[in-house]
Amino acid sequence: MIDTHSHIYGPEFAEDIDQVITRAQEAGVEKILLPNINAESIHPMLKLCERYAGYLYPMLGLHPTDMDKDFCSVLDDMELQLQGNHPYIAVGEVGLDYYWDRSLYDEQQEAFERQIEWAARYDLPLMIHSRSAHKELVNIMERHRSQELRGVFHCFGGTLEEAQELLSFPGFALGIGGVLTYKKSPLPEVLQSVPLSRIVIETDSPYLAPVPHRGQRNESSYAIDVLKKLSYIYKVSEEEVSERTNLNVMSIFSRLNVLV
Ligand SMILES: [Zn+2]
(Lines give C-alpha, C1' and ligand atoms only; values in the text may rest on other atoms or scores of the structure.)
Protein backbone atom coordinates (compact mmCIF):
# COMPACT_ATOMS: atom_id res chain seq x y z
CA MET A 1 0.00 0.00 0.00
CA ILE A 2 0.99 3.64 -0.33
CA ASP A 3 0.61 6.16 2.51
CA THR A 4 -0.43 9.27 0.62
CA HIS A 5 -0.28 11.72 3.53
CA SER A 6 2.31 11.60 6.28
CA HIS A 7 4.13 14.40 8.14
CA ILE A 8 6.97 12.17 9.32
CA TYR A 9 9.55 14.93 8.78
CA GLY A 10 8.10 16.70 11.85
CA PRO A 11 9.70 17.06 15.30
CA GLU A 12 7.47 14.25 16.64
CA PHE A 13 9.74 11.81 14.77
CA ALA A 14 13.14 13.36 15.49
CA GLU A 15 14.16 10.59 17.89
CA ASP A 16 13.25 7.48 15.93
CA ILE A 17 12.59 8.30 12.28
CA ASP A 18 14.74 5.44 10.99
CA GLN A 19 12.77 2.89 13.02
CA VAL A 20 9.52 4.52 11.86
CA ILE A 21 10.59 4.01 8.24
CA THR A 22 11.74 0.44 8.87
CA ARG A 23 8.40 -0.42 10.52
CA ALA A 24 6.55 1.10 7.54
CA GLN A 25 8.58 -1.00 5.11
CA GLU A 26 7.99 -4.12 7.18
CA ALA A 27 4.25 -3.43 7.30
CA GLY A 28 4.15 -3.36 3.48
CA VAL A 29 4.05 0.39 2.88
CA GLU A 30 5.65 0.78 -0.57
CA LYS A 31 5.89 4.57 -0.72
CA ILE A 32 5.15 7.50 1.59
CA LEU A 33 4.03 10.89 0.25
CA LEU A 34 4.94 13.92 2.37
CA PRO A 35 2.75 17.05 2.34
CA ASN A 36 4.50 20.29 3.20
CA ILE A 37 2.93 22.78 5.65
CA ASN A 38 4.95 26.03 5.66
CA ALA A 39 8.25 27.68 4.67
CA GLU A 40 10.12 26.17 7.64
CA SER A 41 9.10 22.58 6.99
CA ILE A 42 10.52 22.47 3.45
CA HIS A 43 14.13 21.88 4.45
CA PRO A 44 13.58 19.00 6.94
CA MET A 45 11.12 17.40 4.51
CA LEU A 46 13.55 17.55 1.56
CA LYS A 47 16.44 16.31 3.68
CA LEU A 48 14.47 13.26 4.75
CA CYS A 49 13.31 12.61 1.17
CA GLU A 50 16.92 12.69 -0.01
CA ARG A 51 17.93 10.18 2.63
CA TYR A 52 15.14 7.82 1.57
CA ALA A 53 15.11 8.62 -2.15
CA GLY A 54 12.76 6.31 -4.04
CA TYR A 55 10.66 5.73 -0.92
CA LEU A 56 9.65 9.19 0.33
CA TYR A 57 8.28 11.87 -2.01
CA PRO A 58 7.74 15.56 -1.15
CA MET A 59 4.94 17.98 -1.98
CA LEU A 60 5.05 21.76 -1.88
CA GLY A 61 2.38 24.07 -0.52
CA LEU A 62 1.24 26.34 2.29
CA HIS A 63 -1.25 24.82 4.77
CA PRO A 64 -4.28 27.03 5.55
CA THR A 65 -3.62 27.00 9.30
CA ASP A 66 0.03 27.99 8.75
CA MET A 67 -0.79 31.28 7.06
CA ASP A 68 -0.26 34.78 8.31
CA LYS A 69 -0.66 38.22 6.78
CA ASP A 70 2.41 38.01 4.57
CA PHE A 71 1.49 34.72 2.94
CA CYS A 72 2.03 36.31 -0.48
CA SER A 73 5.80 36.43 -0.11
CA VAL A 74 5.87 32.84 1.21
CA LEU A 75 3.92 31.77 -1.86
CA ASP A 76 6.24 33.77 -4.14
CA ASP A 77 9.25 31.89 -2.75
CA MET A 78 7.53 28.55 -3.07
CA GLU A 79 6.47 29.13 -6.65
CA LEU A 80 10.07 29.88 -7.64
CA GLN A 81 10.89 26.31 -6.61
CA LEU A 82 8.33 24.89 -9.02
CA GLN A 83 9.94 26.62 -11.98
CA GLY A 84 12.54 24.39 -13.55
CA ASN A 85 13.75 21.10 -12.08
CA HIS A 86 12.14 20.18 -8.78
CA PRO A 87 11.42 17.01 -6.74
CA TYR A 88 7.78 17.76 -5.87
CA ILE A 89 5.04 15.30 -6.81
CA ALA A 90 2.10 17.53 -5.82
CA VAL A 91 0.94 20.92 -4.61
CA GLY A 92 0.05 20.40 -0.96
CA GLU A 93 -1.13 20.56 1.46
CA VAL A 94 -3.40 23.43 0.59
CA GLY A 95 -7.03 24.31 1.19
CA LEU A 96 -9.35 25.86 3.74
CA ASP A 97 -9.70 25.48 7.50
CA TYR A 98 -12.38 27.48 9.26
CA TYR A 99 -12.59 25.23 12.30
CA TRP A 100 -10.46 27.20 14.75
CA ASP A 101 -10.03 30.53 13.09
CA ARG A 102 -11.95 32.50 10.48
CA SER A 103 -9.88 35.67 10.79
CA LEU A 104 -8.08 35.04 7.50
CA TYR A 105 -11.27 33.99 5.75
CA ASP A 106 -10.62 35.71 2.43
CA GLU A 107 -6.84 35.26 2.57
CA GLN A 108 -7.21 31.48 2.89
CA GLN A 109 -9.29 31.42 -0.26
CA GLU A 110 -6.85 33.67 -2.09
CA ALA A 111 -3.89 31.45 -1.15
CA PHE A 112 -5.81 28.31 -2.08
CA GLU A 113 -6.76 29.66 -5.51
CA ARG A 114 -3.23 30.75 -6.20
CA GLN A 115 -1.96 27.26 -5.41
CA ILE A 116 -4.70 25.71 -7.54
CA GLU A 117 -3.25 27.79 -10.38
CA TRP A 118 0.16 26.21 -9.73
CA ALA A 119 -1.37 22.76 -10.07
CA ALA A 120 -2.72 23.71 -13.49
CA ARG A 121 0.39 25.58 -14.62
CA TYR A 122 2.96 22.98 -13.50
CA ASP A 123 0.76 19.93 -14.19
CA LEU A 124 0.72 18.68 -10.59
CA PRO A 125 -2.03 17.08 -8.49
CA LEU A 126 -3.45 18.85 -5.42
CA MET A 127 -3.42 17.52 -1.85
CA ILE A 128 -6.41 19.34 -0.38
CA HIS A 129 -7.17 19.95 3.29
CA SER A 130 -10.67 21.11 4.20
CA ARG A 131 -12.18 21.53 7.63
CA SER A 132 -15.49 23.28 8.37
CA ALA A 133 -15.27 24.69 4.85
CA HIS A 134 -17.05 22.23 2.56
CA LYS A 135 -19.29 24.82 0.88
CA GLU A 136 -16.46 27.26 0.22
CA LEU A 137 -14.26 24.42 -1.05
CA VAL A 138 -16.83 23.23 -3.57
CA ASN A 139 -17.47 26.81 -4.74
CA ILE A 140 -13.78 27.32 -5.44
CA MET A 141 -13.39 23.93 -7.10
CA GLU A 142 -16.35 24.75 -9.36
CA ARG A 143 -14.61 27.89 -10.55
CA HIS A 144 -11.67 25.73 -11.66
CA ARG A 145 -13.64 22.80 -13.05
CA SER A 146 -12.59 23.47 -16.64
CA GLN A 147 -8.90 23.15 -15.72
CA GLU A 148 -9.30 19.37 -15.35
CA LEU A 149 -7.38 19.22 -12.11
CA ARG A 150 -6.55 16.04 -10.24
CA GLY A 151 -5.77 15.30 -6.62
CA VAL A 152 -6.91 14.08 -3.21
CA PHE A 153 -9.46 15.44 -0.76
CA HIS A 154 -7.41 14.41 2.20
CA CYS A 155 -8.82 13.07 5.48
CA PHE A 156 -12.35 12.81 4.18
CA GLY A 157 -14.88 12.33 6.99
CA GLY A 158 -18.07 13.88 5.66
CA THR A 159 -21.53 12.78 4.59
CA LEU A 160 -22.50 10.84 1.48
CA GLU A 161 -23.82 14.03 -0.08
CA GLU A 162 -20.46 15.73 0.51
CA ALA A 163 -18.60 12.73 -0.89
CA GLN A 164 -20.72 12.87 -4.03
CA GLU A 165 -20.12 16.59 -4.47
CA LEU A 166 -16.36 16.10 -4.17
CA LEU A 167 -16.32 13.08 -6.47
CA SER A 168 -18.11 15.09 -9.16
CA PHE A 169 -14.58 16.31 -9.88
CA PRO A 170 -13.37 13.37 -11.98
CA GLY A 171 -9.62 13.57 -11.33
CA PHE A 172 -10.03 13.39 -7.56
CA ALA A 173 -10.08 10.69 -4.89
CA LEU A 174 -10.99 10.74 -1.19
CA GLY A 175 -8.09 10.25 1.24
CA ILE A 176 -9.18 7.66 3.83
CA GLY A 177 -7.31 7.26 7.11
CA GLY A 178 -7.66 6.37 10.77
CA VAL A 179 -11.08 7.99 11.18
CA LEU A 180 -12.49 5.02 9.24
CA THR A 181 -11.67 2.74 12.18
CA TYR A 182 -13.33 4.87 14.87
CA LYS A 183 -16.39 3.44 16.55
CA LYS A 184 -18.82 6.25 15.78
CA SER A 185 -17.49 7.03 12.30
CA PRO A 186 -20.16 7.26 9.61
CA LEU A 187 -17.47 6.57 7.00
CA PRO A 188 -18.01 2.77 6.63
CA GLU A 189 -21.62 3.52 5.73
CA VAL A 190 -20.71 6.36 3.34
CA LEU A 191 -18.10 4.21 1.57
CA GLN A 192 -20.82 1.70 0.62
CA SER A 193 -21.61 4.20 -2.13
CA VAL A 194 -18.02 5.13 -3.06
CA PRO A 195 -16.17 2.81 -5.48
CA LEU A 196 -12.65 1.67 -4.59
CA SER A 197 -11.48 3.42 -7.75
CA ARG A 198 -12.08 6.76 -5.98
CA ILE A 199 -10.19 6.34 -2.73
CA VAL A 200 -6.58 6.38 -1.58
CA ILE A 201 -5.07 5.33 1.75
CA GLU A 202 -3.41 7.79 4.12
CA THR A 203 -2.33 8.04 7.75
CA ASP A 204 -1.99 11.82 8.33
CA SER A 205 0.84 10.95 10.76
CA PRO A 206 1.36 12.04 13.50
CA TYR A 207 -2.39 12.73 13.84
CA LEU A 208 -5.51 10.54 13.90
CA ALA A 209 -3.97 7.15 14.58
CA PRO A 210 -6.30 4.27 13.68
CA VAL A 211 -7.67 1.75 16.17
CA PRO A 212 -5.91 -0.04 17.96
CA HIS A 213 -3.43 2.86 18.23
CA ARG A 214 -6.02 5.62 18.67
CA GLY A 215 -4.73 8.45 20.85
CA GLN A 216 -1.08 7.61 20.24
CA ARG A 217 1.34 9.18 17.76
CA ASN A 218 0.35 7.96 14.31
CA GLU A 219 2.98 6.58 11.90
CA SER A 220 2.96 5.22 8.37
CA SER A 221 3.09 1.54 9.38
CA TYR A 222 -0.42 1.96 10.82
CA ALA A 223 -1.72 2.29 7.25
CA ILE A 224 -2.13 -1.48 7.54
CA ASP A 225 -5.02 -0.96 9.98
CA VAL A 226 -6.78 1.27 7.45
CA LEU A 227 -6.14 -1.31 4.71
CA LYS A 228 -7.63 -4.08 6.87
CA LYS A 229 -10.76 -2.08 7.59
CA LEU A 230 -11.19 -1.25 3.88
CA SER A 231 -10.84 -4.93 3.03
CA TYR A 232 -13.62 -5.69 5.51
CA ILE A 233 -15.91 -2.93 4.20
CA TYR A 234 -15.43 -3.68 0.50
CA LYS A 235 -15.42 -7.46 1.04
CA VAL A 236 -12.29 -7.95 -1.06
CA SER A 237 -8.83 -9.16 -0.05
CA GLU A 238 -6.23 -6.80 1.42
CA GLU A 239 -4.12 -7.44 -1.70
CA GLU A 240 -6.94 -6.27 -3.91
CA VAL A 241 -7.52 -3.11 -1.86
CA SER A 242 -3.83 -2.22 -1.99
CA GLU A 243 -3.51 -2.99 -5.72
CA ARG A 244 -6.53 -0.91 -6.63
CA THR A 245 -5.79 2.02 -4.37
CA ASN A 246 -2.16 2.01 -5.56
CA LEU A 247 -3.40 2.34 -9.14
CA ASN A 248 -5.42 5.38 -8.08
CA VAL A 249 -2.32 6.89 -6.48
CA MET A 250 -0.16 6.30 -9.55
CA SER A 251 -2.66 7.89 -11.89
CA ILE A 252 -3.20 10.97 -9.69
CA PHE A 253 0.45 11.44 -8.69
CA SER A 254 1.73 10.82 -12.20
CA ARG A 255 5.27 12.02 -11.48
CA LEU A 256 5.72 8.88 -9.36
CA ASN A 257 5.90 6.98 -12.65
CA VAL A 258 8.79 9.16 -13.82
CA LEU A 259 10.80 9.95 -10.68
CA VAL A 260 12.79 7.03 -9.36
ZN1 LIG B 1 -1.65 16.97 6.67
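Let us look at the structure shown here. Keep in mind that what you see is a predicted model, and the values were worked out from it rather than measured.

Overview of the overall build of the chain
Phase 1: Within the chain one finds nine helices and eight strands.
Phase 2: Relative to its full complement of 260 residues, the chain shows a buried share of 44%.
Phase 3: Partitioning the intrachain contacts of the chain with sequence separation of at least 6 by distance along the chain shows that 72% fall at a separation of at least 24.

Considerations on the packing of helix H8 (residues 223-234) against helix H9 (residues 238-252)
Phase 1: Closest axis-to-axis distance for the H8/H9 pair is 8 Å, and the angle between their directions is 105°. The orientation of H8 relative to H9 falls into the category roughly perpendicular. Each of Leu227, Lys228, Leu230, Ser231 and Tyr234 in H8 lies in contact with H9, whose residues at this interface are Glu238, Val241 and Ser242.
Phase 2: Residues belonging to the contact of H8 with H9 are distributed by class as follows: four nonpolar, two polar and two charged.

Here's the deal with the sheet that holds strand E6 (residues 151-153)
Phase 1: Spatial strand order, E4-E5-E6-E7-E8: five strands in an open sheet with parallel pairing. What marks the edges here is a single partner per strand, and that holds for strand E4 (91-97) and strand E8 (199-201). Strand-to-strand, the axes of this sheet are offset by a mean angle of 30°, without reference to chain direction.
Phase 2: Both strand E7 (residues 172-176) and E8 contribute to a ladder of three bridges, which runs parallel. The residue bridging Ile176 from the neighbouring strand is Ile201, located in E8.
Phase 3: Of the strands in this sheet, E4 and strand E5 (126-131) are in contact with helix H4 (residues 105-121), which crosses E4 at around 150°.
Phase 4: Strands in contact with H9 are E6, E7 and E8; relative to E8, the strand with the most contacts, it is inclined by about 100°.

Examining unusual backbone geometry
Phase 1: With an omega of 10°, the peptide bond between Ser205 and Pro206 qualifies as cis.
Phase 2: On the secondary structure map, Pro206 appears in the loop between E8 and H8.
Phase 3: Residue Val211 is joined to Pro212 through a cis peptide bond whose omega torsion reads 15°.
Phase 4: Of note, Pro212 is situated in the loop between E8 and H8.
Phase 5: At Asp204, a residue that is not glycine, the phi angle is positive and equals roughly 60°.
Phase 6: One non-glycine residue, Leu208, lies in positive phi territory at about 50°.

Considering the environment of Leu48
Phase 1: Assignment of secondary structure puts Leu48 in helix H2 (residues 42-51).
Phase 2: By the C-beta count within 10 Å, which is 19 here, Leu48 ends up partly exposed.
Phase 3: Considered as a pair, Leu48 and Ala133 are 85 residues apart in the sequence and their alpha carbons are 32 Å apart.
Phase 4: Setting aside residues up to four positions removed in sequence, Leu48 forms contacts with Tyr9, Ile17 and Leu56.

Things to note about the environment of Val226
Phase 1: Looking at where Val226 falls in the secondary structure, it is placed in helix H8.
Phase 2: Classification of Val226 as buried rests on a count of 23 C-beta atoms within 10 Å.
Phase 3: Filtering out sequence-adjacent residues up to four positions away, Val226 remains in contact with Ile176, Gly177, Gly178, Leu180, Thr181, Ile201 and Pro210.

Topic: the pairing of E7
Phase 1: Of all five residues that make up E7, five are buried, and the element is covered over most of its length.
Phase 2: Relative to E7, E6 runs parallel, the two being bridged by three bridges. Bridge pairing in E7 links Phe153 to Leu174.
Phase 3: Remark: the E6/helix H6 (residues 160-167)/E7 crossover connection has right-handed handedness.

Quick look at the sheet that holds strand E1 (residues 2-3)
Phase 1: The strand order E1-E2-E3 describes an open sheet built from three strands, whose pairing is parallel. Each end of this open sheet is capped by a strand with a single partner; those strands are E1 and strand E3 (56-58).
Phase 2: The pairing of E1 with strand E2 (residues 31-34) spans two bridges and is parallel. Across the sheet, residue Ile2 finds its bridge partner in E2, namely Lys31.
Phase 3: Its contacts with the sheet put H2 on E2 and E3, and the angle it makes with E3 is roughly 145°.

Reading the values: rules and limits
- Along each chain, the written sequence defines residue order, and numbers are assigned to residues from 1.
- For a predicted model such as this one, the threshold for reporting local features is a pLDDT of at least 70, and the threshold for listing and counting side-chain atom pairs is 80 or more; totals across whole chains, interfaces and linings nevertheless cover every residue.
- What counts as a helix is a DSSP run of H or I of at least four residues, what counts as a strand is a run of E of at least two, and both are numbered from the N terminus.
- Counting other C-beta atoms within 10 Å of its own, a residue is labelled buried from 20 upward, exposed at 12 or fewer, and partly exposed in the gap between, with every C-beta atom placed from the backbone.
- What counts as a contact is two residues whose backbone-derived C-beta atoms lie within 7 Å of each other.
- Axes here mean lines fitted to C-alpha atoms, for a helix over just the part in contact, with angles spanning 0 to 180 degrees between N-to-C directions.
- The scheme is simple: roughly parallel for angles under 35 degrees, roughly antiparallel for over 145, roughly perpendicular for 65 to 115, oblique for anything else.
- Under the scheme applied, nonpolar residues are Ala, Val, Leu, Ile, Met, Phe, Trp, Tyr, Cys and Pro; charged residues are Asp, Glu, Lys and Arg; polar residues are all the others, including Gly.
- For two strands to pair, DSSP has to find at least two bridges joining them.
- Crossover handedness is defined by viewing with both strands directed away from the observer: a clockwise path from the first strand over the helix to the second marks the crossover as right-handed.

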